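Listed below are the residues making up each chain.
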Amino acid sequence: APFGYGELAVRDIEPAQVGSILLKPDMSHLETCPNVYIENETYIPCHHDHSDLEAQMEYAVENFNELAPYLVENMRKKFASSYHPIHLVDHIEKILKNLNLI
């Protein structure tokens with residue numbers, strides 16, 4: 001899942017939907033809310049210059065049966081809980097409170 005128009009992509013949840021592993025450039029620099037990207041817990045990271053992409057792909061393929069259940073279930077749970085509508089409401093409320101509008 002390369003960056004393209006930005007780090008976040010709707011397609012990032014699709015691997016978990018079909019039982020596969022998300023491999024994308026390291027997301028540890030990202031400040032976003034919600035953040036479902038937890039290195040080696042919800043996705044497998046690679047370097048931004050893709051210098052380790054082949055090695056990470058080999059790792060994912062060779063260890064798929066052990067990695068997939070863990071990474072897929074973690075991503076599904078993290079995504080479902082993080083994108084629950086109540087979290088959007090809470091997040092917007094915090095933004096408005098910080099602006100002293102409410």
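Whatever comes next refers back to the structure up there.
In this numbering scheme, every chain counts its residues from 1 along its sequence in written order. It should be noted that, the model being predicted, local features are given only for residues of pLDDT at least 70 and side-chain atom pairs only at 80 or more, the latter also being counted only at that level, while totals for whole chains, interfaces and linings use all residues. Side-chain measures were taken over the full set of non-hydrogen atoms in the model, leaving aside hydrogen atoms and water.

In this structure, glutamine 17 sits in helix 1 (residues 14-17). Glutamine 17 sits 55 residues away from valine 72 along the chain, and the two C-alpha atoms are 8.0 Å apart. Strands here are runs of E lasting at least two residues and helices are runs of H or I lasting at least four, both read from the DSSP assignment and numbered beginning at the N terminus.

So, about helix 3 (residues 64-82). By this rule the span expected of a helix is its residue count minus one, scaled by 1.5 Å. Taking 1.5 Å of rise per residue, 19 residues should cover 27 Å, and helix 3 covers 25 Å from first to last C-alpha, within 8% of that figure. Any residue under 20% of the maximum accessible area for its type is buried, any over 50% is exposed, and the rest in between are partly exposed; the area is computed with a 1.4 Å probe on protein chains only. Turning to helix 3, its buried residues are Leu67, Ala68, Leu71, Val72, Asn74, Met75 and Ser82. Contact criterion: two residues are considered in contact whenever any of their non-hydrogen atoms come within 4.5 Å of each other. On its buried side, helix 3 packs onto helix 1, strand 2 (44-46), helix 2 (53-62) and helix 4 (85-98).

The subject of this paragraph is the pattern of salt bridges. A pairing counts as a salt bridge when a side-chain nitrogen of Lys or Arg comes within 4 Å of a carboxyl oxygen of Asp or Glu. Overall, the coordinates contain four salt bridges when judged by the stated rule. Lysine 77 is the partner of glutamate 73 in a salt bridge, and the nearest nitrogen-oxygen pair spans 4.0 Å. Residue glutamate 73 and its partner lysine 77 are both found in helix 3; the two are separated by four residues, about one turn of the helix. Under the relative-accessibility criterion, glutamate 73 is labelled partly exposed at 34%. For lysine 77, a relative accessible area of 52% translates into the label exposed. The closest approach of N and O atoms between lysine 97 and glutamate 93, which form a salt bridge, is 3.3 Å. Remark: glutamate 93 and lysine 97 occur in helix 4; sequence separation between them is four residues, near one turn of the helix.

Now for the packing of helix 2 against helix 3. In this analysis an axis means a line fitted to C-alpha atoms, helices contributing only their contacting stretch, and an angle means the value between N-to-C directions, from 0 to 180 degrees. Here helix 2 crosses helix 3 at 90°, and the two axes come no closer than 5 Å. Between helix 2 and helix 3, the angle falls in the class roughly perpendicular. Only Phe64, Glu66 and Leu67 of helix 3 make contact with helix 2, whose side of the interface consists of Tyr59, Ala60, Val61 and Glu62. Residues of the contact of helix 2 with helix 3, tallied by class, amount to five nonpolar, no polar and two charged. Angle categories: roughly parallel below 35 degrees, roughly antiparallel above 145, roughly perpendicular from 65 to 115, and oblique for all the rest. Under the convention adopted here, Pro, Cys and the residues Ala, Val, Leu, Ile, Met, Phe, Trp and Tyr are nonpolar, Asp, Glu, Lys and Arg are charged, and Gly plus all remaining residues are polar.

The analysis is restricted to geometry; functional conclusions fall outside its scope.
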